[in-house]
Structures are given as structure tokens and as C-alpha cells.
Amino acid sequence: MKKFVDIHDVTHVYARTEDGAAAVEHLNLAVREGEFAAIVGPSGCGKSTLMKLATGLQFPIKGTVIVDGKQVTAPVKLAGMAFQNPTMLPWRTTLDNILLPLEIVEPHRSKLRRHKAEYVAKVEKLLAQVGLKGQGHKFPWQLSGGMQQRASLCRALIHEPKLLMLDEPFGALDTFTREELWCVIRDLHAASPVTVILVTHDLREAAFLADRIFCMSARPGRIVAEREVDFPRPRDLEITYTPEFTTLVHELRGHIAQARMAA
Ligand SMILES: Nc1ncnc2c1ncn2[C@@H]1O[C@H](COP(=O)(O)OP(=O)(O)OP(=O)(O)O)[C@@H](O)[C@H]1O
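Predicted, not measured: the structure shown is a model, and the values here were computed from it.

Enquirer: Describe the site of the ligand, naming the residues involved and giving the relevant values.
Expert: The local shell around the ligand holds 13 residues, among which Tyr-14, Ala-23, Lys-47, Ser-48 and Thr-49 are the closest. Split by residue class, the shell around the ligand holds three nonpolar, seven polar and three charged.

Rendered as C-alpha cells:
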């Protein structure tokens, strides 16, 4: 299948790093179109840097980043992003927060005013998909953390991105809410041809959601192990209690422990 994200031998050093050390070095990663990839690794290994490189928020000092056949030289508009902190604007309703990317990204920007009703209908549909039917009129501060995170997924998806980047999106949530949101993401991915890259510290999350898991070394980060996950889809939360699942999580834990020791 076609490579959708291709990071080739990339090194990145942040301009203001005191010791001049690279955040990532010889980083190679290829994610196939429509694939659900998860990135795991020790703290500070460069997972967020990888996300920034893939979306054109940072550029490598060496190597190339190609997304959808084009070298990344500017912020990638076909990407949608959700982070650990939902960062909703408190003075805008949930609906208006979700519409926000459309005020920035063409061709939606020029169409938004004339086709507002269509876009609002799209928001309502997404809200229903994530379990927030009819909640669009509320302000973010009237929503729980889990509800805000659901809304931020809608915001990441409103412009129908071909690439969905999730950087620790459920890190701040309790276990039950987190698992509910895994199912939301699973269903969103199943319902659309979107390619997903998920950065997570949670090895169970990676094992439940991903088609392939990439383990990073300690800083400077690079991929040290890659694991296909072949649990059949659709996956139910019950699989997380099977011996095969536990074995996979242990295997991943081993890679991370080794990466941490090598630091
Ligand atoms: N803007 C920046 N300026 C200088 N150094 C940075 C900057 N952003 C990140 N770094 C450094 O680059 C390295 C990689 O950071 P990054 O945030 O990509 O790691 P991470 O794996 O996402 O971390 P965590 O697991 O703790 O979220 C870290 O050592 C960090 O201190």
C-alpha cells in the first residue's frame, strides 16, 4: 500500500537547545495510507517532535519528510490534530470551537459564510458520532474533561483531514473515559479512510488501537522496534483481557525499558 507519511533519515535540533543535542536523529518512519500507527517511547524521546515534523510545524535540519507524496515545507493542511489539552476557546461555544479550523483552512474559509448551515450540520453529525449529540451550544467550561476531548476530536476532524495526528489525547482522563474514547477513535477510523498517527505513553492504548506500533529510543529519538498488531477488527475492549494482548503489552514494555536503559 502507498506510503502516506514518509520520514526519511531525519535529524532535528531545536534552535534553543543549550547542549546542541538533537531531539531526533536518523529517524525513519513510513506510515501507509489508511493505517493506524502508534508511537511509543520513553519520556522526552522526541515523540512530539516527530508529530511536529510530520505536520510541518518544525523542519528537519537533515533528511526529508514526505506527506501524501509531497515534501513538507509548510504546515500540512490535510492534517487534523488533537492534543492532551483540548485547548478550546472559552468564549466560543463548542460548535463555534469545532468550526474554528474552517475559518483558517481553504477551501472552507471562503465557503463558510455562504454554506454555514451545511457546516453546522457536519458538526452536529460529528458530535453525534463522538457521543455529544445536541451539546454544541454549550461552552467548553460547561463540559467535563472527557467531553472536551470528544469535542476536540470533532475539531480535528471537521475539515475531513486525510491525516489525523493524536498527541497523548487521552493522557489527562480517567481509565473508563479513556477506554470509551478509544472506542470512539476506533469507530471514527473504521468509518473513514483517514491515516492516524497516535503518540501515547499508554501501551494498552497503542495495542488496542493500532495496526502497527513503533517504539522510539531515548533522546535523540529514532525508531528501534516496529510491531504489527494483528488482532482482527472491529476490536472489542474484551481483547484487552486476553493473554495475547498482555503478551504484546509486555513485549512493548520490554522495548521501552531497554530504550530507557540505553539512555
Ligand atoms: N521548543 C523546544 N526547544 C528546545 N528543546 C525542545 C523543544 N521542544 C522539545 N525540546 C526537547 O527535545 C526533546 C524531545 O522533546 P519532545 O517533546 O519531542 O519529546 P516527547 O517524547 O514528546 O516527550 P514526552 O514523552 O515527555 O511528552 C526533549 O529533550 C525536549 O526537551
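Enquirer: Got a sec to walk through the sheet that holds strand 1 (residues 3-12)? Specific residues and values, please.
Expert: If you trace the four strands from one edge of the open sheet to the other, you get 2-1-4-5, paired in antiparallel fashion. One side of each edge strand has no neighbouring strand; the edge strands of this open sheet are strand 2 (24-32) and strand 5 (70-71). Relative to strand 5, strand 4 (residues 62-67) runs antiparallel, the two sharing two bridges. Bridging across to strand 5, Ile-66 finds its partner in Gln-71. Contacts between helix 1 (residues 47-54) and the sheet are confined to strand 1, strand 2 and strand 4, with strand 1 contributing the most and set at about 120° to the helix.

Enquirer: Just give me the short version of unusual backbone geometry, but keep the residues and values in it.
Expert: Arg-219 connects to Pro-220 through a cis peptide bond whose omega is -5°. Note on placement: Pro-220 falls in the loop between strand 9 (212-216) and strand 10 (223-228). That bond from Arg-233 to Pro-234 is cis: its omega, 0°, falls within 30 degrees of zero. Note that Pro-234 resides in the loop between strand 10 and helix 8 (243-261). A positive phi angle, close to 45°, is found at Asp-9, a residue other than glycine. Along the chain, the position of Asp-9 falls in strand 1. Residue classification places Asp-9 among the partly exposed positions, given that 13 C-beta atoms sit within 10 Å. The phi torsion at His-26 lies on the positive side, around 50°, for a residue other than glycine. In this fold, His-26 is placed in strand 2. Its 16 C-beta neighbours within 10 Å are what place His-26 among the partly exposed residues.

What counts as what
- Residues numbered from 1 in each chain as written.
- Predicted model: local features only at pLDDT ≥ 70, side-chain atom pairs only at ≥ 80, totals over all residues.
- Near = placed C-beta within 6 Å.
- Nonpolar A, V, L, I, M, F, W, Y, C, P; charged D, E, K, R; others polar.
- Pairing = 2+ DSSP bridges.
- Helix = DSSP H or I, 4+ residues; strand = E, 2+ residues; numbered from the N terminus.
- Contact = placed C-beta atoms within 7 Å.
- Axes fitted to C-alpha atoms, helices over the stretch in contact; angles between N-to-C directions.
- Buried ≥ 20, exposed ≤ 12 C-beta atoms within 10 Å, placed from the backbone.

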